[in-house]
Amino acid sequence: MLLLRTKAEIVEAHIDAVIEEFPTPQALARAETSAVEDALRPFGLRWRARRIHETAQLLADSYNGEVPRDLKSLLDLPGVGPYVASATLATLSGGRVVLTDTNTLRVATRVAGISARGDVRRRKDVQASIGMLMGGPTTADDWLAVIDLAAKICLPRDPRCAECPIDDLCSYSLATVNPSEPHRRHKVRQRPEPRESA
Ligand code: SF4
C-alpha cells in the first residue's frame, strides 16, 4: 500500500523504522491514530495512514493478525484494490497472478504496440498483452522486475530504449528507433561470410 503513491527509495529508507515501532498488525491496531500518522508521515498521504490503521484493526479483529490469502478477503480490506491484493497474494503464497498498474500497463502496451488511451486496465487486448509479455500470470519477483524496468528505463515521457533488455521485442522501440543508431548496431546479427568453394 505504501508503494502505490510513494517512490520505492522513500519506502526503503523509512520502512524499517515503522516495522520496528509496529512489528505486528496487532501493535499497529492498538496504536493511536495520531501515532500511526506520525510514523507514516515520511511516506506522505495522511488519509492512507488512516486506511492502513483501519486495515490493521480489521486484521487484528477478524483474522487474528494474519493477512488473508484469498482475493475476496483481501479486497474487502480498506484501501486494498486489485493491484495490492494481487501483489500481496503473489508475495505471500508465491501465487501466480497478473498485476496491472500504470507501470506494467505502460511496458505491455508499448511492447505490444497498442494504444494506451482510455481505461486500458479493463481492455481485454491489454490484459492479453500483459499476459503474453510475462508468459502468463506470474510471480511477484517477475512483476517487480517489470516495475523496476518501468521506473528506471521505460519512463513515461522518454523511454530509454537504447538501454532496454527487451528492445528487440518491443513494437514501440522497433517503430521509433533508427536501426542505424550505434546502440542497435551491435544487436544486428552478422551473417556468416559465405565459404569459398574449393
Ligand atoms: S524498448 Fe523502450 S518502449 Fe519498449 S519496453 Fe523497453 S524502454 Fe519501454
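The residue count restarts for each chain, going from 1 along the sequence in the order it is written. In keeping with the predicted nature of the model, local features appear solely for residues at pLDDT of at least 70, side-chain atom pairs appear and are counted solely at 80 or more, and the whole-chain, interface and lining totals rest on all residues.

Some details on the site of the ligand
Then, number 1: Surrounding the ligand, one finds 14 residues, the nearest of these being Cys154, Cys161, Cys164, Cys170 and Ser173.
Then, number 2: What counts as a helix is a DSSP run of H or I of at least four residues, what counts as a strand is a run of E of at least two, and both are numbered from the N terminus. Of all the elements in the fold, those that place two or more residues in the shell around the ligand are α7 (102–112) and α10 (171–176).
Then, number 3: Ranked by residues supplied to the shell around the ligand, first place goes to α7 with three residues.
Then, number 4: Classification used: nonpolar for Ala, Val, Leu, Ile, Met, Phe, Trp, Tyr, Cys and Pro, charged for Asp, Glu, Lys and Arg, polar for all others including Gly. Counted by class, the shell around the ligand contains ten nonpolar, one polar and three charged residues. Any residue whose C-beta atom, as placed from the backbone, lies within 6 Å of a molecule or strand is termed near it.

So, α7
Then, number 1: Counting buried residues in α7 gives eight out of eleven residues, a clear majority hidden from the surface.
Then, number 2: Any residue whose C-beta has 12 or fewer other C-beta atoms within 10 Å is treated as exposed, any with 20 or more as buried, and any in between as partly exposed, C-beta atoms being built from the backbone. Taken together, the buried positions of α7 are occupied by Thr104, Leu105, Arg106, Val107, Ala108, Thr109, Arg110 and Val111.
Then, number 3: Positive backbone phi, approximately 70°, marks Gly113, located one or two places after α7.

What about the environment of Pro68?
Then, number 1: Here Pro68 shows up in the loop between α4 (46–62) and α5 (71–75).
Then, number 2: Pro68 gets classed as partly exposed once you count the C-beta atoms within 10 Å, which come to 19.
Then, number 3: Note: C-alpha distance between Pro68 and Thr88 (20 residues apart in sequence) is 9.3 Å.
Then, number 4: A pair of residues counts as a contact when their C-beta atoms, built from backbone coordinates, are within 7 Å of each other. Residues in contact with Pro68, not counting those within four places in the same chain, are Tyr63, Ser73 and Leu74.

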